[in-house]
Amino acid sequence: MHPDVIADLAELETTLGTVEAVLDVEELRRRVDELEQQAASPDLWNDQEHAQQVTSQLSHVQADLRRVNGLRQRLEDLPLLYELAEGEEGDAAAEATADADAERAALREDIAAMEVRTLLSGPYDERDALVTIRSGAGGVDAADWAEMLMRMYLRWAERHGYGTEVYDTSYAEEAGIKSATFAVKAPYAYGTLSVEQGTHRLVRISPFDNQARRQTSFADVEVLPVVETTDHIEIPEGDLRVDVYRSSGPGGQSVNTTDSAVRLTHIPTGIVVTCQNEKSQLQNKVAAMKVLQAKLLEVKRKEERAEMDALKGDGGSSWGNQMRSYVLHPYQMVKDLRTEHEVGDPTKVLDGDIDGFLEAGIRWRMREPQA
């Protein structure tokens, strides 16, 4: 093998070894065995919520184990591919070497992606994510842009096989949405998507302008960790005002005919949460409480962070504001303003191909003094 190939394989071995050590492959195997035993219990489904947690955790831990084992197997197979190429002659040798080089490049990308997972070590990183998108400046274009962003994240989750649940959608009058809140249900969804928080900017020829002028629109993305029972976010009844009303916007039978939508107002903070996408008032109230608890947890985290910043003598971080530009005219480009990561195909990005931006954001955050 060429010395450069040997050096590259040694570097991949070092990186993968670090990933295996951080993930603790033996612990992953032990966890799979433990969850398989729980899943096999005959009374597992007596508690449906617990059963769903067990089966979901088992599925994701098995996927992690398969993924890291697959990377190890591919790395061990690579020297054999190069040996086989050296045994060929002429065009066959060149073709086999090119195949081996392509597999080495693909493996490098896949190991780097797995390495990013090991960087997610914050106290809430492993949780599900609660994403809220709000249209900003730009009128009807901004509302349309907010809906495009929502589709981008839902397509990203779909590409990865992650579950999603839309809690609330507030439709704009002409097109698009004023706001939407949805959950992404996967291990490390919060840690992964938290780098998306901030203002996203779109530049394009407006489809709503009869003079076809260029328009700049803005939408804000907020990402919170889903609250768990261990978080102790208690809300006294006296702190809560509950209003019910009829759902608005597109929907199936009965959506617009009963007072099933719920609005919760947390009186001490003024936080307002709505949920109208479930069929019953009770379901909407349960979903709205989840969102409210997540927002109150974030308030608590910000207060604690402010105290720590005061002790450290710094002013905190303002990285979350304008963070990415999506330009469709006069040229085509999506560029992250923090990481400098850019892609020349906005269509792919808006169809959910955002892993490169997520990985760059996570690595950038590790280098910066973030919360």
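Above this text is the structure in question.
Residues numbered from 1 in each chain as written. Predicted model: local features only at pLDDT ≥ 70, side-chain atom pairs only at ≥ 80, totals over all residues. Heavy atoms only, no water.

Draft legend 1. Quick look at the overall build of the chain. The secondary structure content of the chain amounts to nine helices and 11 strands. For the chain, the C-alpha atoms occupy an extent of roughly 75 × 65 × 55 Å along the three principal directions. Every one of the 371 residues in the chain was classed for burial, and the buried ones make up 39%. Long-range contacts, defined here as pairs at least 24 residues apart, represent 64% of the contacts in the chain between residues at least 6 apart. Here the chain has roughly 19800 Å² of accessible surface; of this, 48% comes from carbon and sulfur atoms. (Helix = DSSP H or I, 4+ residues; strand = E, 2+ residues; numbered from the N terminus. Buried < 20%, exposed > 50% of the residue type's maximum accessible area, 1.4 Å probe, protein only. Contact = heavy atoms within 4.5 Å. Areas by Shrake-Rupley, 256 points an atom, 1.4 Å probe, with all protein chains shown as cover.)

Draft legend 2. Expanded view of the pairing of strand 3 (residues 177-185). For strand 3, a buried count of seven out of nine residues is recorded, marking the element as mostly surrounded by other parts of the structure. Where strand 2 (residues 163-171) and strand 3 come together, eight bridges link them in antiparallel fashion. Its bridge partner lying in strand 3, Glu 165 is registered against Ala 183. Remark: five residues form the turn of the hairpin made by strand 2 and strand 3, two consecutive strands paired antiparallel; Gly 176 in that turn has positive phi of roughly 75°. (Pairing = 2+ DSSP bridges.)

Draft legend 3. Highlighting the environment of Leu 58. Residue position: Leu 58 is located in helix 3 (residues 48-86). As a C-alpha pair, Leu 58 and Arg 31 span 27 residues in sequence and 8.2 Å in three-dimensional space. With residues near it in sequence (within four places) discarded, Leu 58 still touches Val 32, Leu 35, Glu 36 and Ala 39.

Draft legend 4. Here's a closer look at unusual backbone geometry. Between His 329 and Pro 330 the backbone carries a cis peptide bond, its omega angle lying at 15°. Tracing the chain through its elements places Pro 330 in the loop between strand 9 (322-327) and strand 10 (333-336). You will see that Asp 24, though not glycine, has its phi angle at about 60°, which is positive. Examined against the element boundaries, Asp 24 turns out to sit in the loop between helix 1 (3-23) and helix 2 (25-39). Of note in the backbone geometry, Glu 340 takes a positive phi value of approximately 70° without being a glycine. Looking at the element boundaries, Glu 340 is found in the loop between strand 10 and strand 11 (342-343).

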